[in-house]
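Next come the chains, spelled out residue by residue.
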Amino acid sequence: MNETRTIVITGAGSGIGRATARRFLAAGWRVALAGRRREALEETAGEATAQGRAICVPTDVSDPAQAAALFDAAQAAFGRIDVLFNNAGVSTKAATIDETPLEDWFRSVNVNLTGSVLCAREAFGRMRRQDPQGGRIINNGSIAAQSPRPGTFPYAATKHAMTGLTKALSLDGRPFDIACCQIDIGNAASEMTEAMGKGVPQADGSVRPEPLMDVAHVADAVLHMASLPLSANMQWLTVMATKMPLVGRG
């Protein structure tokens, strides 16, 4: 791996973002870590910050000024941006649409969708203008867009919108050697999915535990997608716990 390759990872303070950032650092990439809490980002980066291979940029991705500042910092530190992993996201307490607080809906849209749009916008503009031109945007979708869980309409709707963003960017990026792709993840062990191993509601009304997979497999998959030459693109990738109830009836 060429050590000059660079990536911006949002939501890098925990879960999938943390595992992915550490995997890229181990592979020799330079990484800009974004998230709300500096302490968590610094814990993710470890010694890489002092070695000049990582920068930690506290960021609310739903704020346009903060999103722009993140990419300004990454470009200033590394000279170019090769990859964006649009990973930051939130989930809300399960409820039907009429019982879901509107604050939960707006928060989901602001972080999951608007945050991804703002970061993609900043990355796209810089990838378009840098020399050599081009780069890759990897969106973290979800199998929730294909098969939502009961009571999760804000998450399912915003992740479904992410697929539309991926398709549009894939077309618009072609003239500028900007590839866009999406990874849909199911039941990776993290803080967000901890409850799934204990029992979560199913489509038939029952509550059952579900299998989880090591989050390291997600990090490996993202690294593989990012490492492809810009002449190739893994447009859609689903990585999930093998026995989770996604395929088939229950």
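See the structure shown above.
The structure reproduced in this document is the subject of the present report. (Residues numbered from 1 in each chain as written. Predicted model: local features only at pLDDT ≥ 70, side-chain atom pairs only at ≥ 80, totals over all residues. Heavy atoms only, no water.)

**Details of the packing of helix H1 (residues 15-26) against helix H6 (residues 216-227)**
Here is step 1: Following both chains from N to C, one finds H1 and H6 inclined at 55 degrees, their axes separated by 8 Å at the closest point. In this view, H1 runs oblique relative to H6, as classed from their interaxial angle. Handedness of the crossing formed by H1 with H6: right-handed. Touching Ile16, Ala19, Thr20, Arg23 and Phe24 of H1 are Val218, Ala219, Asp220, Val222, Leu223 and Ala226, all from H6.
Here is step 2: Grouping the constituent residues of the contact of H1 with H6 by class yields 8 nonpolar, 1 polar and 2 charged. (Axes fitted to C-alpha atoms, helices over the stretch in contact; angles between N-to-C directions. Helix = DSSP H or I, 4+ residues; strand = E, 2+ residues; numbered from the N terminus. Parallel < 35°, antiparallel > 145°, perpendicular 65-115°, else oblique. Left-handed = near helix turned anticlockwise from the far one by under 90°. Contact = heavy atoms within 4.5 Å. Nonpolar A, V, L, I, M, F, W, Y, C, P; charged D, E, K, R; others polar.)

**Section: the pairing of strand S6 (residues 178-186)**
Here is step 1: The element S6 is largely enclosed, with a buried count of 9 among its 9 residues.
Here is step 2: Here S6 shows no split at all, with Ile178, Cys180, Gln182, Asp184 and Gly186 on one side and Ala179, Cys181, Ile183 and Ile185 on the other all buried.
Here is step 3: For strand S5 (residues 135-140) and S6, the ladder comprises 6 bridges, and the chain directions are parallel. Residue Asn139 lies in a different strand from S6, and its bridge partner there is Gln182.
Here is step 4: The parallel pair S5 and S6 is bridged by helix H5 (residues 153-172), and the resulting crossover is right-handed.
Here is step 5: Judged from the 5 bridges that link them, S6 and strand S9 (residues 236-240) form a sheet pairing that is parallel. Each residue of the ladder has a partner; that of Gln182, found in S9, is Trp236. (Buried < 20%, exposed > 50% of the residue type's maximum accessible area, 1.4 Å probe, protein only. Pairing = 2+ DSSP bridges. Right-handed = clockwise from strand over helix to strand, strands pointing away.)

**Quick notes on the state of the cysteines**
Here is step 1: Evaluation of the coordinates by the stated rule reveals 0 disulfides.
Here is step 2: Among the cysteines around Cys56, which has no disulfide bond, Cys119 carries the closest sulfur, lying 16 Å off.
Here is step 3: For Cys56, a relative accessible area of 11% corresponds to the buried category.
Here is step 4: This cysteine, Cys181, is not joined by any disulfide, and Cys180 carries the nearest cysteine sulfur, 6.3 Å off. (Disulfide = S-S within 2.5 Å.)

**Examining the environment of Arg38**
Here is step 1: In this structure, Arg38 sits in helix H2 (residues 38-45).
Here is step 2: Judged by relative accessible area, which is 39%, Arg38 ranks as partly exposed.
Here is step 3: Counting along the chain gives 19 residues from Arg38 to Val57, while the straight-line C-alpha distance between them is 7.1 Å.
Here is step 4: Residue contacts for Arg38: discarding those within four places in its chain leaves Cys56 and Pro58.

**Quick look at the packing of aromatic side chains**
Here is step 1: The final tally for this structure, using the stated rule, is 3 aromatic pairs.
Here is step 2: Taking the centre distance of 4.9 Å and the plane angle of 85 degrees together, the rings of Phe24 and Trp29 count as edge-to-face. Each member of the pair, Phe24 as well as Trp29, carries the same accessibility label: buried.
Here is step 3: Considering the side-chain rings of Trp105 and Phe153, the 5.5 Å spacing of their centres and the 20 degrees angle between planes classify their relative orientation as stacked. Residue Trp105 is found in helix H4 (residues 102-129), and its partner Phe153 is found in helix H5; the two are separated by 48 residues along the sequence.
Here is step 4: Taking relative accessible area as the criterion, Trp105 reaches 27% and is therefore assigned partly exposed. (Phe/Tyr/Trp six-rings, centres within 6.5 Å; stacked < 30°, edge-to-face > 60°.)

By themselves, these observations are geometric and do not establish any function.
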